[in-house]
Structure formats: structure tokens, C-alpha cells
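Each chain, letter by letter, is given below.
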Amino acid sequence: MHETVDVVVIGGGQAGLAAGYHLRRAGLDFIILDGQDSPGGAWQHTWDSLHLFSPAAYSSLPGRLMPPQPGETYPDAAHVVSYLTEYEQRYELPVVRPVRVEAVHRDGEFLHVEADTATWRARTVVSATGTWWRPFIPAIPGRAEFRGAQLHTVEYRRPADFAGQRVVVVGGGNSGAQIAADLAYDAELTWVTLREPRYLADDIDGRALFDHATARRRALDDGRTDTGGVASLGDIVAVPPVREARDAGRLKAQPMFARLTATGVEWADGNRADADAIIWCTGFRPALSHLAPLGLRGPRGHIPTAGTQALGEPRLHLLGYGDWTGPASATLIGVGRPARDAAREISELLGA
Ligand SMILES: Cc1cc2nc3c(=O)[nH]c(=O)nc-3n(C[C@H](O)[C@H](O)[C@H](O)COP(=O)(O)OP(=O)(O)OC[C@H]3O[C@@H](n4cnc5c(N)ncnc54)[C@H](O)[C@@H]3O)c2cc1C
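Residues numbered from 1 in each chain as written. Predicted model: local features only at pLDDT ≥ 70, side-chain atom pairs only at ≥ 80, totals over all residues. Heavy atoms only, no water.

Peer 1: Is there a simple way to explain the overall build of the protein in this structure?
Peer 2: In terms of helices and strands, the protein carries six helices and 17 strands. Against the 2.2 N^0.38 benchmark of 20 Å for 352 residues, the protein shows a C-alpha radius of gyration of 21 Å, consistent with a compact globule. Oriented by its inertia axes, the alpha-carbon framework of the protein measures out at about 65 × 40 × 40 Å. Here the protein holds 352 residues, and the buried ones make up 50% of them. Of all intrachain contacts in the protein linking residues separated by at least 6 positions in sequence, the fraction that spans at least 24 positions is 63%. (Helix = DSSP H or I, 4+ residues; strand = E, 2+ residues; numbered from the N terminus. Rg over C-alpha atoms; globule rule 2.2 N^0.38 Å. Buried < 20%, exposed > 50% of the residue type's maximum accessible area, 1.4 Å probe, protein only. Contact = heavy atoms within 4.5 Å.)

Peer 1: Would you explain the pattern of salt bridges in this entry?
Peer 2: If the charged atoms of two oppositely charged side chains come close together, the side chains can form a pair. Evaluated as defined, the whole model comprises 19 salt bridges. Aspartate 202 is the salt-bridge partner of arginine 246, the closest N and O atoms lying 2.9 Å from each other. Here arginine 246 is found in helix H5 (residues 240–247), whereas its partner aspartate 202 is found in the loop between strand S9 (188–193) and helix H4 (206–221), with 44 residues between them in sequence. Exposure remark for aspartate 202: the relative accessible area of 33% places this residue in the partly exposed category. (Salt bridge = Lys/Arg side-chain N within 4 Å of Asp/Glu carboxyl O.)

Peer 1: Honestly, the domain arrangement of the protein in this entry has me stumped. Any pointers?
Peer 2: Accessible area lost upon the coming together of the parts is a frequently used measure of interface size. Splitting the protein by domain gives domain 1 (3–134 + 284–350) and domain 2 (149–199 + 235–280). Placing the centre of domain 1 and that of domain 2 at their C-alpha centroids yields a distance of 31 Å. With 11 residues of domain 1 at the interface, the matching set in domain 2 holds 13 residues. Summed over both partners, the interface of domain 1 with domain 2 buries about 1,000 Å², with 60% contributed by carbon and sulfur atoms. Among the residues of domain 1 in contact with domain 2, Trp47, Asp48 and Phe53 are the three that bury the most area, contributing 54% of the side total. Here domain 1 is connected to domain 2 by one salt bridge. Residues aspartate 48 and arginine 158 are paired through a salt bridge, measuring 2.6 Å at the closest nitrogen-oxygen approach. (Domains from an automatic or database assignment. Buried area = accessible area lost by both parts, 1.4 Å probe.)

Peer 1: How do you make sense of the packing of helix H1 (residues 14–25) against helix H6 (residues 336–350) when you look at a structure like this?
Peer 2: Relative placement of two packed helices is described by the angle separating their axes and the distance separating the axes. For the pair H1 and H6, the least separation of the axes is 8 Å and the interaxial angle reads 45 degrees. With respect to each other, H1 and H6 are oriented oblique. Note that H1 runs across H6; the crossing there is right-handed. Along its contact with H1, which presents Ala18, Ala19, His22 and Leu23, the element H6 presents Gly336, Ala339, Arg340, Ala343 and Ile346. Across the contact of H1 with H6, the residue classes break down as six nonpolar, two polar and one charged. (Axes fitted to C-alpha atoms, helices over the stretch in contact; angles between N-to-C directions. Parallel < 35°, antiparallel > 145°, perpendicular 65-115°, else oblique. Left-handed = near helix turned anticlockwise from the far one by under 90°. Nonpolar A, V, L, I, M, F, W, Y, C, P; charged D, E, K, R; others polar.)

Structural data, given as C-alpha cells:
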């Protein structure tokens, strides 16, 4: 006999916990299934020097401010893991781990959530599995020929691993800029970006991104003209290590190369650079393979939604994957509001 619950939340990172907070307040019966051995979601796996791009108070989930990290304006990833660990204990969120959900199927009035350990019968499902688990690397000619190391952001840890090596970092977003800055002093760095790096002004940080997303949401709510996504502000938050390396002249970006060779990279004009390693900071895709049996995929691998609710399956909500599941929903401070809206809509659907 399968356990029956009002809501199964898949994923126990920040998005799953924010959902849990609001589901509890709504008085619903729910469970959170998380694939990790311990709390903290993707924050447990980032590179050593990663710091948030906003101060602690601007990186908080609903109900509880993130405490400041002594001596740091921008907390590090370990601080986020401690905060998430305390958060789930404080609100006694029913997280079960490690449980890996493999598939969600329709079964009459229920959704069957099949995991490696058990199956649950859910009246509704919130998918909050993040993107870290589906690194994206573009199809570049010659990728299989290159004889050096190739890593994605998710595998990079520290500059000491590349001391004295010729490293090509690919990507002009925050991960690319931060990893390039991390390597700028220890490795022989080539930083490659699709277009000229676009830094946000030095005196603004993630707070400005959130304020911008809030203004956009208000405009959309009020039926005013869309003010545009945060991309209009720039791609790179000039966090202190990035600013330092840039101002020291160590972050000079080159245009994207055309192909990989056995020994490095080659640009369209025939110029070449030899490399021991290539680090692909080329982004992520939403981790949605467990939802494949529902047949909901739209263009670009996204599932079409209204807010967080899947258009093709009203019993399913998607939380925290990016602006398409709510402005700034893929940030600590931004996920609270779509989580609240999802819990309210689930409550209404269940007549709770
Ligand atoms: C390099 C980097 C820097 C960032 N910096 C910031 C920042 O400074 N400030 C900010 O607010 N945001 C930042 N973000 C964005 C965002 O806050 C993080 O990506 C965050 O980890 C997203 O949380 P999440 O809960 O959506 O996903 P995750 O943290 O990935 O959590 C998802 C959880 O679901 C689990 N899971 C996945 N699939 C399954 C499955 N099939 N079954 C069961 N469990 C599953 C995973 O194991 C994981 O525990 C950053 C992102 C990156 C990549």
C-alpha cells in the first residue's frame, strides 16, 4: 500500500524548503523528498571560494532572516548550508533523504511519485529539483578530440588544482567571471566569452537584481509594460574578487573560439591557444527528467506554466527553476513569493 499525501515536494533545497514553509502554514499534509544525503541542496557542492552576491539579509527564505556571517558582507556557501539546515529544523519540515524520485505518473485522481526507495500517492506535486544537476555544455566542434581535461562549473573546486596549468574558462556569466577570477593568479588563464563581458556597476550587488525583479513583478501584476528581466542590468555582479582581478588587468576576455583541437582551442581566424584544461561555465538546464512520463515539455525543455502551475497538469507546480517559474524564483530571497502563491493555489485546488 502506498502512502497518500496532499502534496509531495520533490527536492529539499531552498525552493523545496520555502514550499514546505508555506504548505505547513496552509495546514496541508505534505512530505519533501530530497536526493541528497544532507541538507543544503546545491550549496553543498559549489567551489571553495564562492560567496553570495547579496548580503545575508537579502538572501533569506520566508519567516527567518539569514543571520550575518561574522567578518563577511557576502556569506559563503557553507554559511548558506548551515542556514538551510537550521531552517528545516526550526520549521520541522518533513524532509526524507536520500530519496531520488525517478518518475511521476498520472493515476486517476492521484499522481504517483516513484522513487528509488518507495512510491507515494500525491494529490498534488511541487517539483523543486533545481538546475545544478543538469549542467549544460554547448556542442562545439572537436570536443571529443581535445586530450586535456574538460570540466563544467559543477566540478570546479579550487585554483590549487590548476596551479601553473594553461586553463581556458568559457562563459561570461557570474560563474565564468568568478571562476576566471579565482584562477587568475595561479593558472595561465584564457577567459573566453560569447560577447564582451557586461559588469553591473561596482556599487550594486544582488540586491539591485532583486529590486529590479520586484519592480518587474509589480509592473506585470498591474498590467503595465514589462520592464524586462534582470539581464538588462548586466551579466556579472562585480563581487570583490572579480573586481580585484578585473582592475588588476587579469580578466581580459577573448571572443568565443570556433573549435577544440587535440591540444587546445582554435578561433575562426586560425589563431590557437594550447590548454591543459577547459572549464565550461556555460550554464544549466532544469532537472525535470522525473516529469517526462507526464508529457508536458514545451520549447527549450521548459514545461509551460501559469505562474508555477503547469498548464497541462494543474496538480503540478514547478518552483525555483528561473524567471519562467516566477521573477527571481531561482534565488534565496526570490523563491518565497512563488512558493506562497503555489501553496495558496494548491490549497484552493484541494479545497483545503
Ligand atoms: C554558481 C551559482 C551561484 C549562485 N549564487 C547565488 C546567490 O548569490 N544568491 C542567490 O540567491 N542565488 C544564487 N544562485 C541561484 C540559486 O539560489 C541556487 O542555484 C540554488 O541552489 C537553487 O536552489 P533550488 O532549491 O532551486 O535547487 P537546489 O539547491 O539544486 O536543490 C534541489 C534539490 O533537489 C534535489 N533533487 C534533484 N532532483 C531530484 C530528484 N529527482 N529526486 C529527489 N531529489 C532531487 C537535489 O538533490 C537538491 O537537494 C546561484 C547559483 C549558482 C549555480
